[in-house]
Amino acid sequence: RPMSDVDVLVTDISLRKSLHELKRAGFVRVGVSSDLGVRTLSHPCAPELLLDLHRFPLPLGLGRVTNAWFLVDARADDSLFGAHVFIPTRTRLLAHTLGVIANDDVYRAHAHALEDVNRLARAQNVDEDVRTISDAGLRIAAVLALKRVCEEKPSSAASALLTAIELTAAERRFRWTT
């Protein structure tokens, strides 16, 4: 899909050091994020493309998605951005995207995030997707997000995934509040 921003998870170096290096390369800080550990920058050569630096994959307390968890089995890539980066697996990106939708209060989620779920979900890999979502501690968040995806951007893969996540009685009693 067309990109309006690039999300970069800062792992081995500090956010402050990353900001310093990017500013030396000509990037400037744009606005102030209300999210802990997020900084947004742009470059004069492409001001319409924003660079979001994240210290954490999801807000602290939302699931068990840590930097280490997110990077398990990630693929190293040097060509995508002209720098050494790691590309997470499809299943971890899917779990993360469902967490982002839930964090955005489901109904305020960006349409492209709903479409991303349909790109990442695979009907033939439902069991693998459910295992990854469960491992991430995002079962309730995933169900809430998938219900929204199925309402707005229905797909057989999202529907199959929603059906496959069988919440426990305790999970069904949980009330999501923001």
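Relevant structure appears above.
In this text the structure is predicted, and so the values were computed from the model without any measurement.

Engineer: Help me out: how do you make sense of the overall build of the protein in this one?
Structural biologist: If you tally the helices and strands in the protein, you get eight helices and six strands. Along the protein, helices (α) and strands (β) appear in the sequence β-α-β-β-β-α-β-β-α-α-α-α-α-α when read from the amino end. A compact globule built from 178 residues would reach a C-alpha radius of gyration of about 16 Å, and the protein, at 17 Å, matches this within 12%. Reported as C-alpha extents along the three principal axes, the dimensions of the protein are approximately 50 × 35 × 30 Å. Counting the 178 residues in the protein, one finds 37% classified as buried. Sequence separation of 24 or more characterises 59% of the internal contacts of the protein that already satisfy a separation of 6 or more.

Engineer: Mind showing me how you'd approach the nonpolar core here?
Structural biologist: Side chains that are nonpolar tend, in soluble globular proteins, to be buried together. By size, the foremost hydrophobic cluster in this structure holds 32 residues, and its most contacted members are L98, I101, I133, L138, L146 and I165. Sorting the residues of this core by element identifies α2 (67–71), α3 (90–103), α4 (111–120), α5 (126–135), α6 (139–152) and α7 (156–164) as the ones contributing at least two each. No other element matches the six residues that α6 contributes to this core. Apart from the residues within four sequence positions on either side, I165 is in contact with V130, I133, R139, A142, V143 and L146. With eight residues, the next largest nonpolar core counts V10, L41, L51 and L53 among its residues.

Engineer: Would you mind showing me how to read the packing of α4 against α6 here?
Structural biologist: Between two packed helices, what matters for the description is the angle formed by their axes and the separation of those axes. Direction vectors running N to C along α4 and α6 enclose 95 degrees, while the axes themselves pass 10 Å from each other. For the element pair α4 / α6, the angle class is roughly perpendicular. Contact residues: L114, V117 and N118 in α4; L146, R148, V149 and E152 in α6. Tallied by class, residues from the contact of α4 with α6 come to four nonpolar, one polar and two charged.

Engineer: Is there a simple way to think about the pairing of strand β4 (residues 46–54) in this case?
Structural biologist: Across a regular strand the side chains alternate sides, sitting on one face of the sheet and then on the other. With five bridges connecting them, strand β1 (residues 5–9) and β4 associate as parallel partners. Paired with L9 across the two strands is H54, which belongs to β4. Judged from the five bridges that link them, strand β3 (residues 38–43) and β4 form a sheet pairing that is antiparallel. Bridge pairing in β4 places L41 opposite L51. What sits between β3 and β4 in their antiparallel hairpin is a turn of two residues.

Engineer: Honestly, the sheet that holds strand β2 (residues 28–29) in this entry has me stumped. Any pointers?
Structural biologist: Backbone-to-backbone hydrogen bonds join strands into a sheet, with any given pair of strands oriented parallel or antiparallel. Across the sheet, which stays open at both edges, the four strands sit in the order β1-β4-β3-β2 with mixed pairing between neighbours. The two strands at the open ends of the sheet, each matched to only one other strand, are β1 and β2. Across the face of the sheet, helix α1 (residues 15–24) comes into contact with β3 and β4 while running at roughly 160 degrees to β4.

Rules and cut-offs
Residues numbered from 1 in each chain as written. Predicted model: local features only at pLDDT ≥ 70, side-chain atom pairs only at ≥ 80, totals over all residues. Heavy atoms only, no water. Helix = DSSP H or I, 4+ residues; strand = E, 2+ residues; numbered from the N terminus. Rg over C-alpha atoms; globule rule 2.2 N^0.38 Å. Buried < 20%, exposed > 50% of the residue type's maximum accessible area, 1.4 Å probe, protein only. Contact = heavy atoms within 4.5 Å. Core = buried A, V, L, I, M, F, W, Y, C linked by side-chain atoms within 4.5 Å. Axes fitted to C-alpha atoms, helices over the stretch in contact; angles between N-to-C directions. Parallel < 35°, antiparallel > 145°, perpendicular 65-115°, else oblique. Nonpolar A, V, L, I, M, F, W, Y, C, P; charged D, E, K, R; others polar. Pairing = 2+ DSSP bridges.

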